[in-house]
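Per-entry structural report
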Amino acid sequence: MLDEKKLSFATDAYSAKHLEEKNKYLFLVKIKKRVKYVLKILNYLLLIAVGLFFVYPFVWMASMSLRPLIDALSFDPGLIVKHPQWQNYVYAWRQAQIVHYVGNSIKYSVLVLTLQYFTIIPAAYGFATMEFKGKKFLWATKYLGMMLPAEATLIPVYFFYSKMGLVDTWGGLILPSLFSMFGIYMFMGAFKQIPKEVIESAKMDKAKNRTIMLKIMIPMVAPVMITHLLVTFISNWNEYYWVLVMTNSESLRTLPVALRGLLQVEDGVPEWNIVMAGTMIQLAPIMLVYIFASKQVKMAMVGGSNKNKISK
Amino acid sequence: MTDLKLVGKKYNEFCDAIDELKLVIKKAKSQDEKERLKTRISELKTELNDYKKSLNSEEIEAYRDYQKIRLDIKRCERLKKMDKLEAKIFKKLNPAYIYMIPAAFGAIFFTILPAIFMIIGSLFKVDLVSIWDSSFKGFWNYEMIFTRDTEFVKAIVNTIIFAFFTVILLMVITVLMATWLSKNTKIHNLSQTMVFTPHIASMVSVSILWILMLDPKGIINQILSIFGIQGPNWLMNTSTSLFSVAFVTVWKSIGYYVLIIIAGLQAIPPYVYEAAKLDKANSFTVFRKITVPLLSETLVFVFIMKFINSFKSFAAIDLMTQGGPRGSSMVLGYWIYNAGRVKFNYGFAMAGAVVLTIIISVFTFVAYRFFNKKSEN
């Protein structure tokens, strides 16, 4: 009896109104959760859509490069090609002489990538660890260089080049990359992060500057070197202005400049499928690197420049 | 054991003799004597070889060791000499200068000399083939480009419009997108990666791509026609060509700046946001009162960089419009190239370059001043 009474008392207290309110509240929470869930999914879908806005054109380009010319000229936004025309690539490779320009591009990139460190690393080391007269002056030219874009100094530099016989030579083409301030800042920042104790102890052992640089500093900044290699490879592979301006003959021109030649036809429209095939060939190495190492590439491009350009 | 020591003794004797003879050769005056000494040396060498051949295997090992030791000693002597020489040089000259040669050469050859040459050259009617034939004209070049050249003034106006348009558009889009994308889920990362793609593609490929997309029959106009809008010929229309190119450059660089701003956002300490949450601030207030002010340093850097870079957009203009139609998309960078490398009007080009440099310096200076003041407050 007593138990029953107690029970009824207990249920009384929470019955009817309370329970209803509780149910209502729970229902509201449930709905809120569901709405949030749906919103989350919508957000994700939107994110993907925005991402596609930046990727779709490249995929479309790949599909264009596989179409026959008539289909290509219709500018159909679809991506699926029924009969892929692989001979477009063969045509571009052979007839449009892309092979020659690919060779030049590779040569240019390899030359710059290997030779730049002989000049950049000593300069960065000097800036980071040494004191000398004129350091501030040399540093100030950085700002002058920022105000003076390559577009402005084009004519004077071209004049110097033509007097020194550097126009249309590999030496002239790679020369500015060897003194790129970007690389010097990057390595300088890395060298400055190395604890001073290391250098001091090396100096106590009477190590010379070059020993410190070659045997202590460079192994310590190996990750920066990889980052720098990645960034310079991408920028050199894509270089357009400098190569266009400082060459007169086709013998040294690289792939990006060659694509410009494909665009400029005498009459009518360019053969878009061939142009697209050429562009795909130009994009391929970088995109392959990006697909397999997207995180590293992003870190390299953003982190590298961020650190060095911000530091005043 | 004594045998082996003997080998070393003999070897060293031979080598000493040869070295001595070599020294004598250097001092010898007549040709005959030199010849004589040389034959003597070769004789000694053959003798040494013969002696080497007569040794047994154990002795040969010892012989090689002695050879190594001797070479080592020689190397050390050479190094000592070099060190002394080095010390002598570096007593007078700071070693830093040797390390700085490349940087100094780059600065002089690609910045200082061109700047001087440019300023002086802009006052001459320049003949690059025989430079001494150029004649001094005072400010004639400037007068001509400002009054006679129809495209130059247009180019200045276009350059400034282009810069402001790209920077403002980019600022609005990237800040909003960065706050939206700045989360560490897989989907957000994927989206970031996709948005970043155009930045690593070359400007050439992006330009070619957008020439097609902006074609009168291209994808953009196809989409517009769904909504019943007749899109213009974007790149060949005087009123849209500049903005189309600006849009493409913005499209290409969004990903880069978004990632930079996200890096800045992630540097903001999370407790700031937690405090705002406790005060029940809504998300817009948080964005306006916390995110933007704390981000201002990154933003200043980003947009000064972008502003300067937008003066340099050459590839996009060159490929997409070539300054046309009727100079409507002509910017200064392209004008200089056109005047100098296409029309061979070097004096004009250099005068234009001076004007471009002045514009960039003024804008950069103002931007630094303006933003530094703001961030101090």
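These numbers come from a predicted model, not from an experiment.

Counting secondary structure elements, chain B contains 15 helices and 2 strands. Expected size for 377 residues packed as a compact globule is a radius of gyration near 21 Å; at 36 Å, chain B overshoots this value by more than 25%. Split into buried and exposed, the 377 residues of chain B put 33% on the buried side. Sequence-distant contacts in chain B: of pairs separated by 6 or more residues, those separated by 24 or more amount to 69%.

This brings us to the overall build of chain A. Within chain A one finds 16 helices and 0 strands. Seen through its principal axes, chain A has C-alpha atoms that stretch 115 × 75 × 35 Å. Considering chain A as a whole, with its 312 residues, one finds that 35% of them fall into the buried category.

Here we come to the domain arrangement of chain B. Parsing chain B into structural domains produces domain 1 (2-92), domain 2 (96-136) and domain 3 (140-376). The gap between the C-alpha centroids of domain 1 of chain B and domain 2 of chain B is 53 Å.

The subject of this paragraph is the nonpolar core. Core analysis: the biggest nonpolar cluster contains 150 residues, and Ala-124, Ile-184 and Phe-187 of chain A together with Val-258, Ile-261, Trp-335 and Ile-336 of chain B have the highest contact counts within it. No other element matches helix H10 (residues 241-266) of chain B, which puts 14 residues into this core. When residues no more than four places from it in sequence are discounted, the contact partners of Ile-261 of chain B are Thr-174, Val-175, Ala-178, Leu-295, Thr-298 and Val-302 of chain B.

Another aspect to go through is the environment of His-188 of chain B. Residue placement: His-188 of chain B occurs in helix H7 (residues 186-200). Once residues within four sequence positions are removed from consideration, His-188 of chain B is found in contact with Leu-47 of chain A together with Leu-181 and Lys-183 of chain B.

If you look at the interface, chain A gives 66 residues, while chain B gives 75 residues. Considering every element that reaches the side of chain A that touches chain B, the biggest residue donor is helix H2 (residues 17-65) of chain A, with 11 residues. Considering only residue class, the side of chain A that touches chain B consists of 49 nonpolar, 13 polar and 4 charged.

Another aspect to go through is the confidence of the model for chain B. Looking at chain B as a whole, its pLDDT mean stands at 83, while 98% of the residues score no less than 70. Both confidence scores are given for the complex: pTM 0.80, ipTM 0.83.

As a further point, take the domain arrangement of chain A. One frequent convention defines the size of an interface as the accessible area lost when the parts assemble. Residues and elements named next belong to chain A. In terms of domains, chain A is made up of domain 1 (15-65) and domain 2 (88-310). Just the C-alpha atoms count here: the centres of domain 1 and domain 2 sit 44 Å apart. Counted by class, the side of domain 1 that touches domain 2 contains 3 nonpolar, 1 polar and no charged residues.

Taking burial as the measure, the 9 residues of helix H11 (residues 270-278) of chain B include 0 buried ones, a minor fraction of the element. Once H11 of chain B ends, the next one or two residues include Lys-280 of chain B, with phi positive near 60°.

What follows deals with unusual backbone geometry. Residues and elements named next belong to chain B. Residue Lys-280 is not a glycine yet carries a positive backbone phi of 60°. Position of Lys-280 among the secondary structure elements: in the loop between H11 and helix H12 (283-310). One non-glycine residue, Phe-344, lies in positive phi territory at about 55°. For Phe-344, the location among the structural elements is in the loop between helix H14 (332-342) and helix H15 (346-376).

All names here are of chain B. Topologically, Asn-233 is positioned in the loop between helix H9 (219-226) and H10. Residue Asn-233 is classed as partly exposed on the basis of its 16 C-beta neighbours within 10 Å. Sequence-wise, Asn-233 and Pro-216 are 17 residues apart; in three dimensions their C-alpha atoms are separated by 4.8 Å.

Here is what the cut-offs are and how they apply
- Residues numbered from 1 in each chain as written.
- Chains lettered and ligands numbered in written order.
- Predicted model: local features only at pLDDT ≥ 70, side-chain atom pairs only at ≥ 80, totals over all residues.
- Helix = DSSP H or I, 4+ residues; strand = E, 2+ residues; numbered from the N terminus.
- Rg over C-alpha atoms; globule rule 2.2 N^0.38 Å.
- Buried ≥ 20, exposed ≤ 12 C-beta atoms within 10 Å, placed from the backbone.
- Contact = placed C-beta atoms within 7 Å.
- Domains from an automatic or database assignment.
- Core = buried A, V, L, I, M, F, W, Y, C linked by C-beta atoms within 7 Å.
- Nonpolar A, V, L, I, M, F, W, Y, C, P; charged D, E, K, R; others polar.
- pLDDT = per-residue confidence, 0-100.

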